[in-house]
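Architecture at a glance
Residues per chain, in single letters:
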Amino acid sequence: MIKTPQASTRAPIETPSGTPTPHVSTSAAGSAVLDSAHLGDIKGAFGTIQLGENPAATTVRARLKTLLAIIGPGLIVMVGDNDAGAFGTYTQAGQNYGTSLLWTLLLLVPVIYVNQEMVLRLGAVTGVGHARLILERFGKFWGAFSVIDLFILNALTIVTEFIGISIGLSYLGVPQIPGVVIAALVVIGATSTGSFRRFERVCMALVFGSVLLVPIFFMSGPNYGRIARGFIIVGVPAGSNVADVTLLIIAIVGTTIAPWQLFFQQSYVIDKRITPRYIKYEKVDLWLGIVIVVLGAGAIMAFTAFTFAGTPQFGQFTDAGGVAQGLANHVGRVAGILFALALIDASIIGAAAVGLSTSYALGDVLGLKHSLHRKVSEAKGFYAAFAGIILLSAVIVVIPGSPLGLLTVGVQVLAGVLLPSSTLFLLLLCNDKQVMGPWVNGKAMNIFTAAVIAVLVILSVVLTAAVLFPNISGEAIIGILVSGMLLCLLVVAGLAALRLRARVLGKAVRKPAVDRSQRLTWRMPPIALLERPELSLARRLGLGVLWAYLVVAMVMVVVRVVQIALGAP
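We now turn to the structure provided with this report. Model, not experiment: these values are computed from the prediction.

Moving on, we get to the overall build of the chain. Secondary structure summary: the chain contains 22 helices and four strands in total. Put simply, the chain has 569 residues, and 54% of those count as buried. The contacts in the chain between residues at least 6 apart in sequence include a share of 83% that link residues at least 24 apart. Accessible surface, the chain: about 24,900 Å² in total, of which carbon and sulfur atoms supply 68%.

In structure tokens form, the structure reads like this:
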């Protein structure tokens, strides 16, 4: 139920510069957006859509013009996903196992799309960031938990971005400390211009920088038949260690689907002022990003595979720096330079996106002004949080003796532990009728997402077990996977039996059909006007189990990380 406001009088909306905007529509002014800078014209890198402009484009040229103005969130979040951690994971897959793991990328496409489509829909419909929705709909505990964990995980992730930058700079012969510091200042400067459009144009330039991978691919002498087989044939490389391959596949999942992506894209869609009328265009933007991320990841795996095939270094992955040197030795010096530049480019856009997901979330939860449309003087807390996490991460990288390898392990494990919970809250929010109205999930979407969550939980358990028990065998990992799948099947069977029993006894509650006719104009009302959701026994039980798992997993992981830091085997 939605509370009815007692008065309909609204104050004028203030723009980032402080001047009133009388032309903001009544529906927009009554929406749930938390920062007035999130209302107004859409000012993208490649075009502008004025507030109130009719989006019902009838010609191909008009549709293209609208798409160019909308493009940005999907491309940035996806290309930002091919960051330093991804470079390391994909090159490890290529150098150690050739093209045999390319199939993992295609299997991840529907998972990526479903997750990111739900968050872009949440952003356009609600006007409120992911962290704030969790806080308001599930309570202070889960809201604080999501923000604190996001901050820690993002800080560690940004550390890995600066590790990537330092590796690329070292290969190019640039001194590490000044190079990393300058890179950090560039990231902060590009974000702090007070112009959303200027920031997005910088990001688009970085997106185009990923094209540097293309010539490397062709220079490596690709075998297209092997690439095709790698994408089509699902399996574990012959003669490989099952445990090692399984953990690498989990790492590919973790680097392709990360919690920060959910928080970033939802908030960025809001900051760009995208409304439900433009969701279909934003989906095209997302698909463009997915295609680029899959092609980029596939190119990295492929050219690494062909570069090291038949050499003593095949199967002996060290890091991205070793890959750059290998490219120089076996393909040519130009290939090594292009790889280093692509690594730096990807790490910079990754640091910017991950840092913004943090400051957006803090602004949402703490009630700070949080928009790239605002100048630094108008949103000091927002920009200070961003600069702080970027500088902190950069400093950690340049401090002599920093446990960078340990921090990298921490990123992988924390991401694996937290991702199932992030996707679960995403699913619950997209089924909240007060929040989503006619935009709630359909049955097929819910079934698929529930299956994805189940798989992510099982993979999370495997990853946690591998960190706690480094010598875990392939048989034990397979046992966890099979046991998890059987447990999921038992849960599904139990739920189906309960539903069937309810139908037989005539106690089944038939849910009314969702009226989707008002989709283009419906937006979530202000959060204060919404009734607190009543969680069913099943949902409360599910959240309780999730809480217990997260506590146990994180405590055990922290203990293991401390043991590793102290030199324990």
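Under the defined criterion, the tally for this structure stands at 16 aromatic pairs. A connected cluster of aromatic rings, assembled from ring pairs, spans Phe-138, Phe-141, Trp-142, Phe-145 and Phe-425. If you follow Arg-519 out to its NZ or CZ, it ends over the ring of Trp-439, 4.2 Å from the centre.

All right, on to the pattern of salt bridges then. By the definition in use, this model includes six salt bridges. Its salt-bridge partner being Arg-137, residue Asp-432 comes within 2.9 Å of it at the nearest N-O pair. One end of the pair, Asp-432, is in the loop between α18 (404-429) and α19 (433-436); the other, Arg-137, is in helix α6 (residues 130-138), and 295 residues separate them in sequence. The partner of Lys-272 in a salt bridge is Glu-200, with the nearest N and O atoms 2.8 Å apart. One end of the pair, Lys-272, is in the loop between α13 (259-271) and α14 (279-308); the other, Glu-200, is in helix α9 (residues 196-209), and 72 residues separate them in sequence. According to the relative accessible area criterion, Lys-272 is buried, its value standing at 0%. Residues joined in a network through salt bridges with shared partners are Glu-117, Arg-121 and Lys-283.

With that out of the way, let us pick up empty space enclosed by the protein. With the rule as written, the count across this model stands at four cavities of 30 Å³ or more. In this structure, the largest cavity occupies an estimated 120 Å³ of space. In terms of lining, the largest cavity is formed by Ile-134, Trp-142, Phe-145, Ser-146, Asp-149, Leu-150, Pro-259, Phe-263, Leu-418, Ser-421, Ser-422 and Phe-425. Every element with two or more residues in the lining of the largest cavity is listed here: α7 (140-172), α13 and α18. A class-by-class count of the residues in the lining of the largest cavity yields eight nonpolar, three polar and one charged. Counted as a void, the second largest cavity has a volume near 80 Å³. Lining the second largest cavity, in full, are Ile-250, Val-253, Gly-254, Ala-415, Gly-416, Leu-419, Leu-456, Leu-459, Ser-460 and Leu-463. Per-element tally for the lining of the second largest cavity: the top contributor is helix α20 (residues 443-468), with four residues. When the residues that make up the lining of the second largest cavity are grouped by side-chain class, the tally is seven nonpolar, three polar and no charged.

What follows is about a nonpolar patch on the surface. Side chains of Phe-46, Leu-64, Leu-68, Phe-208, Val-211, Val-214, Phe-218 and Tyr-224 sit close together on the surface and give an oily, nonpolar patch of about 790 Å² of accessible area. Secondary-structure elements contributing two or more residues to the nonpolar patch are α2 (60-70) and α10 (213-219). By the secondary structure assignment, Tyr-224 is in helix α11 (residues 224-232).

This paragraph deals with the nonpolar core. Trp-142, Phe-162, Phe-339, Leu-372 and Ile-390 are the most contacted members of the largest nonpolar core, which totals 166 residues. In terms of residue count, the dominant contributor to this core is helix α16 (residues 333-366) (17 residues). Trp-142 has contacts with Ile-134, Phe-425, Leu-543, Leu-546, Trp-547 and Leu-550, leaving out every residue within four places of it along the chain.

What follows is about unusual backbone geometry. Both trends apply: most residues other than glycine have a negative phi, and most peptide bonds are in trans. Although it is not a glycine, Arg-273 sits at a positive phi angle of roughly 75°. In this fold, Arg-273 is placed in the loop between α13 and α14. With a relative accessible area of 9%, Arg-273 lands in the buried category.

Along the chain, the position of Asn-96 falls in helix α4 (residues 84-97). Its relative accessible area of 17% is what places Asn-96 among the buried residues. In this structure the side chain of Asn-96 is engaged in a polar contact, spanning 3.1 Å, whose partner is the backbone nitrogen of Phe-317. Among residues more than four places away in sequence, those in contact with Asn-96 are Phe-314, Gly-315, Gln-316 and Phe-317.

The subject of this paragraph is the environment of Phe-448. Among the structural elements, Phe-448 can be located in helix α20. In the structure, Phe-448 is positioned 337 residues away from Val-111 in sequence and 8.7 Å away in space, judged by C-alpha atoms. In this structure Phe-448 touches Pro-110, Val-111 and Val-114, once residues within four positions along its chain are discounted.

In an α-helix, one full turn covers 3.6 residues, which means residues spaced three or four apart are oriented alike. Its 33 residues place the ends of α7 48 Å apart at the C-alpha level, agreeing with the 48 Å of an ideal helix rising 1.5 Å per residue. One or two residues past the end of α7 sits Gly-173, with phi positive at roughly 85°.

Before going further, it helps to spend a moment on helix α5 (residues 103-126). Between its first and last C-alpha atoms α5 spans 36 Å; for 24 residues at 1.5 Å apiece the expected length is 34 Å, and the two agree. Approximately 30° is the largest bend angle found in α5, and it occurs at Val-109, with the proline Pro-110 only one to four residues beyond. Of all 24 residues that make up α5, 21 are buried, and the element is covered over most of its length. Phi turns positive, to about 75°, at Gly-127, one or two residues after α5.

Our focus in this paragraph is the packing of α13 against α16. Two elements in contact, α13 and α16, have axes whose closest approach is 8 Å; the angle formed by their N-to-C orientations is 70°. With respect to α16, the axis of α13 lies roughly perpendicular. Residues Trp-260, Phe-263, Phe-264, Ser-267, Tyr-268 and Asp-271 of α13 pack against Ala-353, Val-354, Leu-356, Ser-357, Tyr-360, Ala-361 and Asp-364 of α16.

Let us look at the environment of Tyr-113. Topologically, Tyr-113 is positioned in helix α5. Given a relative accessible area of 17%, Tyr-113 falls into the buried group. C-alpha separation for the pair Tyr-113 and Leu-286, spaced 173 residues apart in sequence, amounts to 7.6 Å. Ignoring anything within four residues of it in the chain, the contact list for Tyr-113 reads Lys-283, Leu-286, Trp-287 and Ile-290.

Basis of the calculations
Residues numbered from 1 in each chain as written. Predicted model: local features only at pLDDT ≥ 70, side-chain atom pairs only at ≥ 80, totals over all residues. Heavy atoms only, no water. Helix = DSSP H or I, 4+ residues; strand = E, 2+ residues; numbered from the N terminus. Buried < 20%, exposed > 50% of the residue type's maximum accessible area, 1.4 Å probe, protein only. Contact = heavy atoms within 4.5 Å. Areas by Shrake-Rupley, 256 points an atom, 1.4 Å probe, with all protein chains shown as cover. Phe/Tyr/Trp six-rings, centres within 6.5 Å; stacked < 30°, edge-to-face > 60°. Lys NZ or Arg CZ within 6 Å of the ring centre and 35° of its normal. Salt bridge = Lys/Arg side-chain N within 4 Å of Asp/Glu carboxyl O. 1 Å grid on protein atoms, 1.4 Å probe; cavity = no way out; pocket = protein on both sides within 12 Å on 5 of 7 lines; lining within 4 Å. Points joined across faces, edges and corners; volume = space filled by probe spheres on them. Nonpolar A, V, L, I, M, F, W, Y, C, P; charged D, E, K, R; others polar. Patch = residues over 30% accessible without salt bridge, like charges linked within 9 Å, V, L, I, M, F, W, Y side chains within 5 Å. Core = buried A, V, L, I, M, F, W, Y, C linked by side-chain atoms within 4.5 Å. Polar contact = N/O pair within 3.5 Å; in protein donor to acceptor, adjacent residues only side chain to side chain. Expected span 1.5 Å × (residues − 1). Bend = angle between axes of the 7 residues up to and from the residue. Axes fitted to C-alpha atoms, helices over the stretch in contact; angles between N-to-C directions. Parallel < 35°, antiparallel > 145°, perpendicular 65-115°, else oblique.

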